[in-house]
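# Structure at a glance
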Amino acid sequence: MNLGGFCRNGRAPRGLFPPAFLLCGALFLASPSSLSAQTKNTCLDCHSQLDAPFRVDLAAFAQSIHAQKGVSCVTCHGGDSTSDDMSVAMSPAKGFKDFPAREQVPTFCAKCHADAAYMRSFNPSLRTDQYSQYLTSIHGQRLAKGDHQVAVCVDCHGVHDILPPNDSRARVYPTNVAETCGRCHANAEYMKPYNIPTNQLALYSTSVHRAALVDRGDLSAPTCSTCHGSHGAAPPGVASVVNVCSTCHVFQAQLFDSGPHKDVFKSLNLPGCVTCHSNHGIQHPTDALIGADKGAVCLQCHSAGDPGYETAAKIHARLVQLDTSIARSREILDRAGQAGVEVGPAQLDLNQAQDALTKARVAIHTVELESVDEDINAGLKVTDVTYKAGESALAEASYRRKGLVISLAISLLVLVGIALMIRKVESKQ
Amino acid sequence: MSAPGNIRNWLDQRFGWDELMAFLRHKTVPIHRFSYFYFLGGMTLFLFGIQVVTGILLLMYYRPVPDGAFESVQYIMTRVPFGWLIRSIHSWGANVMILTAIAHMFSVFFLKSYRKPRELTWLSGMILLFLVLGFGFSGYLLPWNMLSLFATKVGTNMTAQVPLIGHWILVFLRGGEDVTGATLTRFFGIHVAVLPGLATLLIGLHLLLVQRFGMSVPPSVEDETKAHPEKARELRFFPNFFLRELMAWYVALAVLGCLAAFKPWELGQKADLFASAPAGIRPEWYFMFMFQTLRFLPANVGPFAGDFIGVLVFGVAAVVWTCLPFFDNDRRGRSTRWFTGVGIFALAYFVGMTVYAYLGK
């Protein structure tokens, strides 16, 4: 029995699994009703006292989804958990099974998780295609070829401490997925045999996607599994990159498809979105990304004199024009607001210009100046109005100040008049 | 006879104009080192008049419904000619009026003007002060912005702490279990009809009592004039005192104009009943001392909720303070000195807690 290597690199061992894992796997085989009737669990009595790798953490197991659903040790591992006699409790006659070898783990888990009828009794909406997907994944294909280093179920989900994916402590919770994948894919030593980059996690950590997911807590933002799949994980091919990105960036993809770049990229075998935006380290796009200035991605393919270069420069100029115009309007409205004039409606209108700029920034995926111009012109119309509103508001502020000075002067004259009247009245008395 | 003479003659024949003028000519105001405090009552009355006038002007555009309240105030501030000025003077004027009313109350307290026979004058004045605070509380919600919505939630929630009838008061004020459009309509009705009606009646009674008993002279000044009657000085109310009061009103008006021009009352963001509470919710400054006290109280004091204890203590204190003349009628004894001490403590507590609430974290 190969019990060594358990949890090396935080992963399950390559060889056979320790009995501890069997505890988990067997949990699937018992029905909740039969488990609920059990009051004694000699498996845990012993295994909670043993050292690793045989140890089962009682607290972690109690919080696991299996324990929560009433799935117990014998469900996966067989045997008799009511017997105090170890030879009986772990007797093959009682159905006790040796723990699975690493390559057997997916089928071990799939006994239950690929059984739609069985899983329905726990959660009718739970998917049962994980195993079939796994077989199509790079991990599954390599495992089938005898590579025991690739990820199997327990590497991502855990063993006895498996939590549901919507539990924020789970290793497969969206905010934790990148770290979970990175445990192998960011380990240069571990990935050496595959000759693939190991900087994905480092790049992703700087990306706009990670910022949205982790910093802003937007769980709809992508992590590794969003683009690569989870159980069927594989790198998207060049042809399908646009399809992957378009699951979220629908309009950009539609506009890209309607523009000239689609066919050109295809002919050059360029991977769509990734060509300009990169993949794991994708940054928040700025207007500097397009154009003919240094740093513009257009310069990767276009050079001075070609039509694409000219168009890129014009599109960039138009975006900057609207952006500057919005900033100018905002500045004057802020100044008027600070001067005490109500400019709320104009500030609200200015949002329309910002929306137009956003639309124009999406429209650049057509790489056609006319499409971008349409939104830019709409935005500029708004900023013209809001800027004038700002000017009027400043004029109003000035008018109010002047009015105040005049009314204060009149008040002062009246006060002097009253004082003189008092003096006159009192001199007569 | 000239036209003004004819009018005067006409008025005299019907309303006894000359008699009224004779009364005003004979009415006097005592002059001493505390005479400046006499201006506070008149100043509060003047500011109330400003509120009535500006309030009526605002009514011409204001719509007391959730879908229109904020927009109508925005319209007043941006489109109505001088709407910004009217609304800002109304908002600033409310605050200055409450300030002068509170100052008037404390001056009356420390000058012992509530003594016999002016108990009812004090009582009517205190009820007027509560009405003025009610004006402030009900008016705060009317612009229907985020801050006012949540401050009203907190404020009305405090009434639920009143024993036995607390929940009933809460539902009565809100027009339901929560602050909604029904609360806005209700507060509007209270602000523009119920409170002005009551206030007008009480102001009439208060002024009548002031005329009936005249201006009170502080005990120390009374003693001095008894010892030295030749030092007693008086000023004719009309026109001498009235003209001085008029000057003070003009100054107040100028101050309001400056505040409106340089710091127009903010509009804020439109109230959203489904939004979470914004940071920095707080009531108007005149309720801050209570708000801060409740924040200091622990969740539970013995078997009672902390808020309940706070509301109970403030309630009892308000009743005792209102009935003060009936407890403190000893002109110069130990008890009156004790009451003066309580007054100093109350003023220091009010100011201290308010300042702490604004400066503290």
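All of these numbers come straight from a predicted model, not from anything done at the bench. Residue positions within a chain follow its written sequence, with the count starting from 1. The order in which chains are written sets their letters, starting at A; the order in which ligands are written sets their numbers, starting at 1. It should be noted that, the model being predicted, local features are given only for residues of pLDDT at least 70 and side-chain atom pairs only at 80 or more, the latter also being counted only at that level, while totals for whole chains, interfaces and linings use all residues. Hydrogens and water molecules were not included; the side-chain quantities draw on all heavy atoms of the structure.

Our focus in this paragraph is the overall build of chain A. Helix and strand labels come from DSSP, where a helix needs a run of H or I of at least four residues and a strand needs a run of E of at least two; each type is numbered from the N terminus. Regarding its fold elements, chain A presents 24 helices and zero strands. For the radius of gyration, the atom set is restricted to C-alpha positions; the globular benchmark scales as 2.2 Å times the number of residues to the power 0.38. A compact globule built from 429 residues would reach a C-alpha radius of gyration of about 22 Å, whereas chain A, at 34 Å, exceeds it by more than 25%. Its C-alpha atoms give chain A principal-axis dimensions of roughly 120 × 85 × 40 Å. Counting across all 429 residues of chain A, residues that qualify as buried make up 38%. Restricting the contact set of chain A to residue pairs at least 6 apart, pairs at least 24 apart contribute 65%. Residue-level accessible areas treat just the shown protein chains as cover; the underlying method is Shrake-Rupley with a 1.4 Å probe. Per element, the accessible surface of chain A, about 22900 Å² overall, is 58% carbon and sulfur. Of the charged side chains in chain A, 38 are positive and 39 negative, and the gap between their average positions amounts to 3 Å. When accessible area is computed with a 1.4 Å probe and restricted to protein chains, residues below 20% of their type maximum are described as buried, those above 50% as exposed, and intermediate ones as partly exposed. Any pair of residues with heavy atoms lying within 4.5 Å of one another is described as a contacting pair. Asp and Glu count as negative and Lys and Arg as positive, but His and the ends of the chain are not part of the count. Lysine's charge is taken at NZ, arginine's at CZ, aspartate's at CG and glutamate's at CD.

Once that is clear, we can look at the overall build of chain B. Counting its regular elements, chain B contains 15 helices and four strands. Relative to its 361 residues, chain B shows a buried fraction of 45%. If you take every contact in chain B between residues at least 6 apart in sequence, the share linking residues at least 24 apart comes to 77%. Counting 30 positive and 20 negative side-chain charges, chain B places the centres of these two groups 4 Å from one another.

Side chains that differ in sign of charge can pair as their charged atoms come close. All names here are of chain A. Any carboxyl oxygen of Asp or Glu within 4 Å of a side-chain nitrogen of Lys or Arg constitutes a salt bridge here. One pass over the full model with this rule turns up 18 salt bridges over all chains. The shortest N-O distance in the salt bridge between Arg-171 and Asp-161 comes to 3.0 Å. Placement of Arg-171 in the loop between helix H12 (153-157) and helix H13 (174-185) and of Asp-161 in the loop between H12 and H13 is noted, with a sequence separation of ten residues between them. Classification of Arg-171 as partly exposed rests on a relative accessible area of 27%.

The next subject is helix H8 (residues 166-174) of chain B. All names here are of chain B. Listed as buried for H8 are Gly-166, Leu-170, Leu-173 and Arg-174. Buried residues along H8 cover an arc of 90° about the axis, so they all sit on one side. As for H8, its buried residues are in contact with helix H7 (146-159) and helix H9 (181-213). Trailing H8 by a residue or two, Gly-175 shows a phi angle of about 75°, which is positive. It is the directions from the helix axis to the C-beta atoms whose arc is reported.

What follows is about the environment of B:Pro30. The residue B:Pro30 is located in strand E1 (residues 28-31) in this model. Placed 206 residues apart in sequence, B:Pro30 and B:Arg236 show a C-alpha to C-alpha distance of 8.9 Å.

To continue, consider the nonpolar core. Among the nonpolar cores identified, the biggest contains 64 residues, and B:Ile102 and B:Trp122 are the most heavily contacted of them. Broken down by element, this core gets its largest block of residues, eleven residues, from helix H5 (residues 83-110) of chain B. With sequence-adjacent residues up to four places away left out, B:Ile102 is seen in contact with B:Leu129, B:Trp285, B:Tyr286 and B:Phe350. Of all hydrophobic cores here, the second largest spans 28 residues; its members include A:Leu319, A:Ala346, A:Ala360 and A:Ala397. As used here, the term nonpolar core means buried Ala, Val, Leu, Ile, Met, Phe, Trp, Tyr and Cys residues forming a set that is joined through side-chain atoms within 4.5 Å.

A word on the packing of helix H22 (residues 307-338) of chain A against helix H23 (residues 344-363) of chain A. Residues and elements named next belong to chain A. Angular values range over 0 to 180 degrees, each being the angle between N-to-C directions of two axes fitted as lines to C-alpha atoms, with helices fitted over their stretch in contact. Close contact between H22 and H23 brings their axes to 10 Å; oriented N to C, the two are set at 165°. Judged on the interaxial angle alone, H23 and H22 are roughly antiparallel. Judged by the sense of rotation from one axis to the other, the crossing of H22 with H23 is left-handed. Counting all contacts with H22, which are made through Leu-319, Leu-322, Asp-323, Ile-326, Ser-329, Arg-330, Leu-333 and Asp-334, the residues of H23 involved are Ala-346, Gln-347, Leu-350, Asn-351, Ala-353, Gln-354, Ala-356, Leu-357, Ala-360 and Arg-361. Just so you know how the angles are binned, under 35 degrees is roughly parallel, over 145 roughly antiparallel, 65 to 115 roughly perpendicular, and the rest oblique. Handedness of each helix crossing follows the sense of rotation of the near helix against the far helix: counterclockwise by less than a right angle gives left-handed, clockwise gives right-handed.

It is common to report an interface's size as the accessible area lost on association of the parts. Across the contact, 22 residues belong to chain B and 21 residues belong to chain A. In this assembly, chain B packs against chain A so that about 1900 Å² is buried in total across both faces, 71% of it on carbon and sulfur atoms. Among the residues chain B hides against chain A, the three largest losses belong to B:Leu243, B:Met247 and B:Tyr250. Together they make up 27% of the total. Taken together, the links from chain B to chain A amount to one salt bridge. When the shortest N-O distance is used, the salt bridge between B:Arg244 and A:Glu426 registers 2.7 Å. Polar contact is defined as a pair of N or O atoms within 3.5 Å, subject to the rule that within protein one atom must be able to donate a hydrogen and the other to accept it, and that residues adjacent in sequence are counted only when both atoms are side-chain atoms. Counting every contact that joins chain B to chain A gives four residue pairs in polar contact (both at pLDDT 80 or more). For the side of chain B that touches chain A, the elements supplying multiple residues, two or more each, are helix H4 (69-78), strand E2 (233-236) and helix H11 (237-262) of chain B. Per element, the largest residue contribution to the side of chain B that touches chain A is 13 residues, and it comes from H11(B). Counted by class, the side of chain B that touches chain A contains 16 nonpolar, four polar and two charged residues. When two parts are put together, the accessible area they lose, computed with a 1.4 Å probe and summed over both, is reported as buried area. Just so you know the grouping, Ala, Val, Leu, Ile, Met, Phe, Trp, Tyr, Cys and Pro go in nonpolar, Asp, Glu, Lys and Arg go in charged, and all remaining residues, Gly too, go in polar.

Turning to a nonpolar patch on the surface, a few remarks are in order. All names here are of chain B. Residues enter patches when their relative accessible area tops 30% and they take part in no salt bridge; the joining distance is 9 Å for like charges and 5 Å for the nonpolar side chains Val, Leu, Ile, Met, Phe, Trp and Tyr. A cluster of nonpolar residues, Val-52, Val-53, Ile-56, Leu-57, Met-60, Tyr-61 and Tyr-75, forms a patch on the protein surface that exposes about 660 Å² of accessible area. As for its position among the elements, Val-53 is in helix H3 (residues 38-59). Given the relative accessible area of 52%, Val-53 is considered exposed.

A few words on the state of the cysteines. By definition, a disulfide links the sulfur atoms of two cysteines through a covalent bond. All names here are of chain A. Only a pair of cysteine sulfur atoms within 2.5 Å qualifies as a disulfide here. Applying the stated rule across the entire model yields zero disulfides over all chains. Note on Cys-73: no disulfide assigned, nearest cysteine sulfur contributed by Cys-43 at a separation of 4.3 Å. Note on Cys-73: relative accessible area 1%, which makes it buried. Between Cys-224, a free cysteine, and Cys-181, which holds the nearest cysteine sulfur, the sulfur-to-sulfur gap is 4.0 Å.

Below, the discussion takes up the confidence of the model for chain A. Note: pLDDT gives the predictor's confidence per residue, expressed from 0 to 100. Within chain A, residue pLDDT values average 87, and 90% of them lie at 70 or more. Contacts of residues 1-38 of chain A to residues separated by more than four positions or lying in other chains number 146 contacts, the stretch itself having pLDDT below 50.

For Phe, Tyr and Trp, where Trp contributes only its six-membered ring, two rings pair if their centres lie within 6.5 Å, and the inter-plane angle classes them as stacked under 30 degrees, edge-to-face over 60, or tilted in between. Enumeration over the complete set of coordinates arrives at 30 aromatic pairs over all chains. With 6.0 Å between their ring centres and 85° between their planes, B:Phe137 and B:Phe287 make a pair best called edge-to-face. Taken together, the positions of B:Phe137 in helix H6 (residues 119-141) and B:Phe287 in the loop between H11 and helix H12 (288-296) put the pair 150 residues apart, joining distant regions of the chain. An aromatic cluster is built from B:Phe106, B:Phe109, B:Phe110, B:Tyr114, B:Trp122 and B:Trp321, whose rings are joined through pairwise contacts. For a ring to carry a charge above it, either NZ of a lysine or CZ of an arginine must fall within 6 Å of the ring centroid while also lying within 35 degrees of the normal to the ring plane. One cation-aromatic arrangement involves A:Arg328 over A:Tyr387; the distance from NZ or CZ to the ring centre is 3.7 Å. It is B:Lys27 that lies over the ring of B:Phe237; its NZ or CZ is 5.3 Å from the centre.

So, on to the environment of A:Ile376. Residues and elements named next belong to chain A. Mapped onto the elements of the fold, Ile-376 is located in helix H24 (residues 369-428). On the basis of relative accessible area, Ile-376 is assigned to the buried category, the value being 0%. Residues contacting Ile-376, with those up to four places away along its chain left out, are Arg-318, Leu-319, Leu-322 and Ala-360.

This paragraph deals with the packing of helix H1 (residues 3-15) of chain B against helix H2 (residues 17-26) of chain B. All names here are of chain B. Two elements in contact, H1 and H2, have axes separated by 6 Å at closest approach and are oriented at 90°. Looking at the two axes, H1 sits roughly perpendicular to H2. The segment H1 lies against H2, with Arg-8, Leu-11, Asp-12 and Phe-15 engaging Trp-17, Asp-18 and Glu-19. Broken down by class, the residue content of the contact of H1 with H2 amounts to three nonpolar, no polar and four charged.

The general pattern is negative phi for most residues beyond glycine and trans for most peptide bonds. Residues and elements named next belong to chain B. Cis geometry is adopted by the peptide bond preceding Pro-117, which originates at Lys-116 and carries an omega value of 10°. Mapped onto the fold, Pro-117 is located in the loop between H5 and H6. Pro-239 follows Phe-238 through a cis peptide bond whose omega is 10°. By secondary structure assignment, the location of Pro-239 is in helix H11. At Trp-144, a residue that is not glycine, the phi angle is positive and equals roughly 55°. Position of Trp-144 among the secondary structure elements: in the loop between H6 and H7. Residue class for Trp-144 comes out buried when judged on its relative accessible area of 2%. At Leu-164, a residue that is not glycine, the phi angle is positive and equals roughly 65°.

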